[in-house]
Amino acid sequence: MIKLFIIFLLVFALIYVLYMSGLIPITVKSAVMFIGGKSCKKATFTSCNGYMKRIIKLEEGRNYNFKLDARLTGGRMSVELIDKNKQTVLRLDEGNHTTIFKSKHPSRYTLMIRFYSATGEYALDWN
């Protein structure tokens, strides 16, 4: 029983380290169909509800151009960038497709993609 608990803790720690490194996203969603990669940069989906979040690292003092190309036939979706203080510093949706974000300090940000009964596809890019 103790061995099983230790294995569980090691697996949990590995998943946490991979998430905090930005290598894997956390997804809590339901969909009839969802095809997308672990980078969270593009996907095709049908009747999707929920969210995906991924850690991204941005350099200090650099301007980043975020662009959301969403082609939805139903529902809606949004993209948020959240800082370490849990404050939303950027939001993209149907009415706001592009924005420029200046990173004030080198840090990890949480990229949160939310789906509300959404059907269609999206591509997200930043440089």
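Here, the structure is the one placed above.
Before going into details, it helps to say that this report is about the structure given with it.

Here's the deal with the nonpolar core
Right, on to step 1. Leu 58, Phe 66, Leu 81, Ile 113, Phe 115, Tyr 122 and Leu 124 are the most contacted members of the largest nonpolar core, which totals 24 residues.
Right, on to step 2. Those residues in contact with Leu 58 that sit more than four places away from it in its chain are Tyr 64, Phe 66, Leu 81, Phe 101, Ser 103, His 105, Pro 106, Ser 107, Tyr 109 and Trp 126.

Section: unusual backbone geometry
Right, on to step 1. Positive phi values are uncommon outside glycine, yet Lys 86 reaches one of about 65°.
Right, on to step 2. Relative to the assigned elements, Lys 86 resides in the loop between strand S4 (63-82) and strand S5 (88-92).
Right, on to step 3. A positive phi is found at Ser 117, a non-glycine position, where the angle reads about 50°.
Right, on to step 4. Residue placement: Ser 117 occurs in strand S7 (residues 107-126).

Thresholds, definitions, all that
- Residues numbered from 1 in each chain as written.
- Predicted model: local features only at pLDDT ≥ 70, side-chain atom pairs only at ≥ 80, totals over all residues.
- Heavy atoms only, no water.
- Core = buried A, V, L, I, M, F, W, Y, C linked by side-chain atoms within 4.5 Å.
- Buried < 20%, exposed > 50% of the residue type's maximum accessible area, 1.4 Å probe, protein only.
- Contact = heavy atoms within 4.5 Å.
- Helix = DSSP H or I, 4+ residues; strand = E, 2+ residues; numbered from the N terminus.

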